[in-house]
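Here is how the chains run, residue by residue.
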2 protein chains.
Amino acid sequence: MIGEPLSSDKLEGQLLPKHLALPIFASDALSSVAYGPQELLMILTLGGLSFLTFAPWVAAAVVVVLVTVVASYRQLIKAYPSGGGDFEVAHKNLGEKAGLIVASALLIDYILTVAVSVASGVDNIISAFPVLNTWRVEMAIGFIILLAAVNLRGVRESSKAFALPTYLFIASVLVMIVVGIIRMALGDAPVAESAQYAVKAEQFTQVGMVLLLLRAFASGCSALTGVEAVANGVPAFRIPKIQNAKRTLLLMGGIAITLFIGVTTLALISGVHYAEDPCNLIGMADCATQPQRSVMAQLAAAVFGGDTQILFYVLQGATAAVLLLAANTAFNGFPLLGSVLARDGYAPKSLSTRGDRLVYSNGVLVLGLGAGILLVVYQANLTALIQLYIIGVFVSFTFGQTGMVRHWLRTLREGAGGAPMTMKRSQIIRSLSINTFGALLTATVLVVVTVTKFTHGAWLVFVIGPILFVLMLGVNRYYGKVERDLTVDDITVFGSNGDHAIVLVGRLQKPTLKALDYAIAARHVSIEAVHCSIDDDQTALLRKQWKKMKIEVPLRVIQSPYRDISFPLIKYIKKRRESHGSEVVTVYMPQFIVGHWWENLLHNHKARRIRHKLMLCHGVTIALVPWLLDSSKVLYSRPGRPLPGQERRGEPVRRAVIRKPLPPAGMSSTRRR
Amino acid sequence: MIGEPLSSDKLEGQLLPKHLALPIFASDALSSVAYGPQELLMILTLGGLSFLTFAPWVAAAVVVVLVTVVASYRQLIKAYPSGGGDFEVAHKNLGEKAGLIVASALLIDYILTVAVSVASGVDNIISAFPVLNTWRVEMAIGFIILLAAVNLRGVRESSKAFALPTYLFIASVLVMIVVGIIRMALGDAPVAESAQYAVKAEQFTQVGMVLLLLRAFASGCSALTGVEAVANGVPAFRIPKIQNAKRTLLLMGGIAITLFIGVTTLALISGVHYAEDPCNLIGMADCATQPQRSVMAQLAAAVFGGDTQILFYVLQGATAAVLLLAANTAFNGFPLLGSVLARDGYAPKSLSTRGDRLVYSNGVLVLGLGAGILLVVYQANLTALIQLYIIGVFVSFTFGQTGMVRHWLRTLREGAGGAPMTMKRSQIIRSLSINTFGALLTATVLVVVTVTKFTHGAWLVFVIGPILFVLMLGVNRYYGKVERDLTVDDITVFGSNGDHAIVLVGRLQKPTLKALDYAIAARHVSIEAVHCSIDDDQTALLRKQWKKMKIEVPLRVIQSPYRDISFPLIKYIKKRRESHGSEVVTVYMPQFIVGHWWENLLHNHKARRIRHKLMLCHGVTIALVPWLLDSSKVLYSRPGRPLPGQERRGEPVRRAVIRKPLPPAGMSSTRRR
């Protein structure tokens, strides 16, 4: 008896209301505010403090892109509400290869989301407690391990625990911005600790200056990462899904823009000087050993001084927490991408169906390992990692927008052809304009980002991306070939004669008896028990027990000189088939069912090896007779643990309980012959 | 048809002749000469150059231990020729827990063998090409990856390629020693490059001085690592195994002692000054950036100057090569240990049988990963790693010797009781004395090593060791419990009635037809095909095809609202059993057989998930009907690749070829009903 399937209103209750969807989907985008302004200012500072006058313009440019991207995604949600996001749009409108490019970029992105968010989170923690600086990389790895462990266990994203940090972060930053502006209005502008330092600047040619501004703009665009999350998660919203998703996206965009502008303004007001190499700050003591505090920390320290210092720690804590949540986002996001890819045959099919914990666990481990390696290689250096980050994001933006442009053009053409349209023509043209502008803008940013960041580490993305592309294409071609091989054609006929059963016997234990029992019950034409002798004492004992229990199935002993079971058995079966013709030989073997994952390391290996070899013989079928070990009781009562990404797919997390059956009905007091 | 089993003389040909056994088993012990003298001198130098006068005495003490250990192991080989080594001796004579302590120590040792050998090899390479110093850790990791990859592929240890570096190393070092001594006799003593540097020494109290000497002695004892390899590999020798093994061990010990004494003498003659912190060498330029050349390299450079400089590079190359071979030793040694442990139930049983490539691959990966982590954490610093290394070695020495003492005492007692003895009483007493002295000596060294190295990193061994101990004990207790659960008792009877077959049908493809065919051939009392409908179009197509092909097995369609196959199926089976009684339900499912490992990522997952859930139902047996994909042709003609450790177990590496069968005899021109 299985637990009752959820009735439809319970199903509705599993979907996300807007106030819970926001923290889940927005944590990535909002947390980018922790490092976006910082990177922007940092690049500008390379040219000297005078360059900071350009900051408002560069920030404004970033905001323009942000607004455009948000508006564009609202169109995407409207047209493709199934949650496929940029991949689906690119795949359906620009072709298979464009879709795969987007998929590769997104996969790389997930790993970088984890790495960048953790690096930034650690940076903010160290900014609150500078003594931890020597443990930067260790802390980062520690957080990766924590995130991986939590996601292996399975946790519900929609719990209130997840919502709190995001709202706390938004609130704290808003409070900080407001207080800072009020103080400035009152004439007591906050002053950052690094305002006192002058900056050793490089000299730039005119071209170099322009490039520097573009670099700063590109770095500031790291604030856009995470905006696509809502579009990927539309199925998770309550009805009306599209409208709720669009509203949440708008809300998220608005908050992100507000925070971005606010933090940048505050940074300029309080004179934060943040340099790529801290030793370029003239006047900073111990520049080689003392960590440079993050911009967020410096602002918080400047605004919340004295009596309100507790708020400084609250802000840092909330920042670190929301960054960890953003990293967690990746663990929940990639299964979605995996299932979309698998559905179209670009990834192993096992990803497309629900509930394969093993597959998700492997994915969690791959993601954690990838991020961990990045963190170690780059020594948890936030700036270095961000160079890799932005490329992937803007690749998917650009392809997504371009795909949308094609989509609207096609819709217009179909409308012109007389097909009924669900949207008014003016609306379509409006959407088309938004997406066109978005496509052009993000393409420009992509070129800028690539050119300015290539030598700073972004080339790595252009190496790994194609590798993923080739892998996915290869998987698709492979599945296609297998599909063709499996298709029934007119010349395929089967015909087997004969029916023989072999029960594989090692030692005489309960599972063996059960296998015998089932083999007998299946009433094969002929049946025998086969034992491969690798230990003479054991064989002699077996014969004795066989006689004693008066088992009437004949026992055949095969000699095996090399302690090997498979080959003598296979020889025997083939010899039999030569004499008996093309019969089907069913080999009965016990299979242990265990309750804990680690028990799988301790059972079933030998049997599986034998099985794999036997299956290479023609005419052989393996019949697995389950034997439930004591620990398997656990399986009966284990409630359904949440799997990563389930809530984003709008799948109910059912409490699937298999009730333990009554005492085995197969047992009776008569002994079987 | 399988390849013919090797006749007995061919089997003999697979065993190792002495001249091949020496390089395989001695590489670890001989390569220790590359770092043993170095560490000894380095610790002494901490007290200042005057301490080097103690070097001959400390070295002599190390030689005494070496001689004793070699002599003791010759006794062990005589008494326990099955290759269980120290573990078996401790297990059989000192009890289960002592055996597990040895096993834990040995496991840790294997990982450290890899780490230390690779670190030393890299050190010697950098000593030849100092410009590579910045890539020390990367090179080390690179070698780990190479070793792991080679062992995953499988390579024959007994190939001449493996013998050459060891003999070349022995020859080169001997030549170096001889030339150096001749030059000294001729009045042109070689002078090391570091002889010019004075040493900044620490001040020591008297107690401190004694401790320093003991530390130097303990570090010098790292030259003993690897001596146990022969005892673990006795089965691999040609007949007479025991005698050949003893001779090889004697030869190996002699060479090791000669090289150790020679290198140490040469180092003292040429005035090598090697310091733990290179900046303590007064006069050395760029002490922070320039790597300190290894003692081997300095000696080679001093002896082979000018015209014979090519020999310098030959020696460095041979040293690096023999160290890599020593690391490779661990990859081949641990499967032996694993099989011994598994035989006694302390490790997963899958390790005890031959030829599970998956298990060995996992072991290779674990070993590589462990060594890699150590190398990264300790930044490939040889000295730091050696602190961990010696403890484990001497734990197993001590327990092994003590166990032998008990063994001989027991043999004497039995002899006194009148039982026939295979050895003369005087011989036994001689063996007993050797082992007693060995036990006392190694126990003393163990205490010294522990005390002097504890704070320098050896505590890690005392943390990990107990963890392994607990794990192995846990596995043993677990297997014991399962064994008791499985034992047939008088109340166990089975009795099933009824026999129903279900063929699981997804889409109508060739594997499905084969499964139907086999199910029909097995002549079950009743049979039906069951399809779980998750896609209405697919279901409709299936019904159509079913009719068209005129398949007479009835097709039953079960609705599944959640895209889930397992639960509706289980519900259906249980309902059936309630109405039909305790029948055996055989569920026929296709299983893909693939040729390449990566294809397993792409197939069979969904089926396996369904299978696992089905097996929780009572009365269910799963019948796997193999479907051989095209790529499986590879499996038929793949020759047996060597598995790590096979040669050390004396197992033949058979070329097991499964000849491809004739065109499937099961196909005929009549269509089955």
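Being a predicted model, the structure only gives us computed values, none of them experimental. (Residues numbered from 1 in each chain as written. Chains lettered and ligands numbered in written order. Predicted model: local features only at pLDDT ≥ 70, side-chain atom pairs only at ≥ 80, totals over all residues. Heavy atoms only, no water.)

Participant: Just checking my understanding: could you explain the overall build of chain A for this structure?
Facilitator: Each helix and strand in chain A was counted, giving 22 helices and seven strands. The buried share of chain A, reckoned over its 673 residues, is 59%. For chain A, the accessible area works out to roughly 27,500 Å², and carbon and sulfur atoms hold 64% of it. (Helix = DSSP H or I, 4+ residues; strand = E, 2+ residues; numbered from the N terminus. Buried < 20%, exposed > 50% of the residue type's maximum accessible area, 1.4 Å probe, protein only. Areas by Shrake-Rupley, 256 points an atom, 1.4 Å probe, with all protein chains shown as cover.)

Participant: Would you mind showing me how to read the pattern of salt bridges here?
Facilitator: If charged atoms from side chains of opposite charge come close, those side chains can pair. Applying the stated criterion to the full structure yields 18 salt bridges over all chains. We note a salt bridge from Asp123(A) to Arg136(A), for which the minimum N-O separation is 2.9 Å. With a gap of 13 residues between them, Asp123(A) in helix α6 (residues 96-128) and Arg136(A) in helix α7 (residues 136-153) connect regions that are remote in the sequence. Judged on exposure class, the residue Asp123(A) and its partner Arg136(A) are both buried. Residues Glu96(B) and Arg477(B) are paired through a salt bridge, measuring 3.0 Å at the closest nitrogen-oxygen approach. Of this pair, Glu96(B) sits in helix α6 (residues 96-128) while Arg477(B) sits in helix α17 (residues 459-486), and the two are 381 residues apart along the sequence. (Salt bridge = Lys/Arg side-chain N within 4 Å of Asp/Glu carboxyl O.)

Participant: Please clarify how a nonpolar patch on the surface should be interpreted in this entry.
Facilitator: On the surface, a cluster of nonpolar side chains totalling about 650 Å² of accessible area is made up of Phe454(A), Trp459(A), Phe462(A), Val463(A), Ile464(A), Ile467(A) and Leu471(A). Mapped onto the elements of the fold, Ile464(A) is located in helix α17 (residues 459-486). (Patch = residues over 30% accessible without salt bridge, like charges linked within 9 Å, V, L, I, M, F, W, Y side chains within 5 Å.)

Participant: Please explain the packing of aromatic side chains as it appears in this structure.
Facilitator: We describe a pair of aromatic rings using the distance from one ring centre to the other and the angle between the two ring planes. The tally for this structure, following the rule as stated, stands at 18 aromatic pairs over all chains. Just above the ring of Phe567(A) sits the side chain of Lys613(A); from NZ or CZ to the centre is 5.6 Å. (Phe/Tyr/Trp six-rings, centres within 6.5 Å; stacked < 30°, edge-to-face > 60°. Lys NZ or Arg CZ within 6 Å of the ring centre and 35° of its normal.)

Participant: Just checking my understanding: could you explain the pairing of strand β3 (residues 499-504) of chain B for this structure?
Facilitator: The two faces of a sheet get side chains in turn, since along a regular strand they alternate between them. Residues and elements named next belong to chain B. When you tally the buried positions in β3, you get six out of six residues, the bulk of the element. What you see with β3 is no split at all: Asp499, Ala501 and Val503 on one side and His500, Ile502 and Leu504 on the other are buried throughout. Of the pairings in the sheet, the one linking β3 to strand β6 (residues 584-593) comprises five bridges and is parallel in character. Bridge pairing in β6 links His500 to Val585. One ladder, built from five bridges, connects β3 with strand β4 (residues 526-533); its direction is parallel. Across the sheet, Ala501 pairs through a bridge with Ile527, a residue of β4. The handedness of the β3 to β4 crossover, carried by helix α18 (residues 510-521), is right-handed. (Pairing = 2+ DSSP bridges. Right-handed = clockwise from strand over helix to strand, strands pointing away.)

Participant: Just to check I follow, could you spell out the nonpolar core for this structure?
Facilitator: Side chains of a nonpolar character, in soluble globular proteins, are inclined to be buried together. Ranked by internal contacts, the top residues of the largest apolar core, which has 154 residues, are Phe25(A), Val114(A), Val118(A), Met176(A), Val227(A), Leu375(A) and Phe394(A). Of all the elements, α6(A) adds the most residues to this core, at 17 residues. If we ignore the near neighbours within four places in the chain, the residues touching Phe394(A) are Val65(A), Cys221(A), Leu224(A), Thr442(A), Val445(A) and Leu446(A). Membership of the second largest hydrophobic core comes to 152 residues, among which are Tyr35(B), Val322(B), Leu323(B) and Phe397(B). (Core = buried A, V, L, I, M, F, W, Y, C linked by side-chain atoms within 4.5 Å. Contact = heavy atoms within 4.5 Å.)

Participant: Would you take a moment to explain the domain arrangement of chain A for this structure?
Facilitator: Size of an interface: often given as the accessible area lost when the parts come together. Per the domain assignment, the segments of chain A are domain 1 (16-478) and domain 2 (499-647). Computed from C-alpha atoms alone, the centre-to-centre distance between domain 1 of chain A and domain 2 of chain A is 54 Å. (Domains from an automatic or database assignment.)

Participant: Help me understand the packing of helix α8 (residues 160-185) of chain A against helix α13 (residues 309-343) of chain A in this model?
Facilitator: Residues and elements named next belong to chain A. Where α8 meets α13, the axes come as close as 8 Å, and the angle between the chain directions of the two elements is 135 degrees. Our classification of the angle between α8 and α13 gives oblique. Crossing geometry of α8 relative to α13 is assigned as left-handed. Across from Phe162, Pro165, Thr166, Leu168, Phe169, Ser172, Val173 and Met176 in α8, the residues of α13 making contact are Val314, Leu315, Ala318, Thr319, Ala321, Val322, Leu325 and Asn328. (Axes fitted to C-alpha atoms, helices over the stretch in contact; angles between N-to-C directions. Parallel < 35°, antiparallel > 145°, perpendicular 65-115°, else oblique. Left-handed = near helix turned anticlockwise from the far one by under 90°.)

Participant: Sorry, what's going on with unusual backbone geometry here?
Facilitator: Note: most peptide bonds trans; most residues except glycine with negative phi. Of the consecutive residues Ile239(A) and Pro240(A), the connecting peptide bond is found in the cis state with omega at 0 degrees. Within the secondary structure layout, Pro240(A) lies in the loop between α10 (229-232) and α11 (241-270). Notably, Gln379(B) is not glycine yet its phi reads approximately 55 degrees, a positive angle. Position of Gln379(B) among the secondary structure elements: in the loop between α14 (357-377) and α15 (382-416).

Participant: Any chance you could explain helix α7 (residues 136-153) of chain B here in plain terms?
Facilitator: Spacing of three or four residues puts side chains on the same side of an α-helix, whose turn is 3.6 residues. All names here are of chain B. Taking 1.5 Å per residue as the helical rise, α7 with its 18 residues ought to reach 26 Å, and the 26 Å between its terminal C-alpha atoms agrees with that figure. Along α7, the positions that sit buried rather than exposed are Arg136, Val137, Met139, Ala140, Phe143, Ile144, Leu147, Ala148 and Asn151. Backbone geometry just after α7 places Gly154 at a positive phi near 100 degrees. (Expected span 1.5 Å × (residues − 1).)

Participant: Before we go on, may I ask you to explain the packing of helix α4 (residues 55-79) of chain A against α11(A) in this structure?
Facilitator: Any two packed helices are characterised by how steeply their axes cross, that is the angle between the axes, and by the distance between the axes. All names here are of chain A. The geometry of α4 relative to α11 is characterised by a closest axis approach of 9 Å and an angle of 175 degrees between their N-to-C directions. Judged by the angle between their axes, α4 and α11 are roughly antiparallel. Classifying every residue of the contact of α4 with α11 by side-chain character gives 19 nonpolar, two polar and four charged. (Nonpolar A, V, L, I, M, F, W, Y, C, P; charged D, E, K, R; others polar.)

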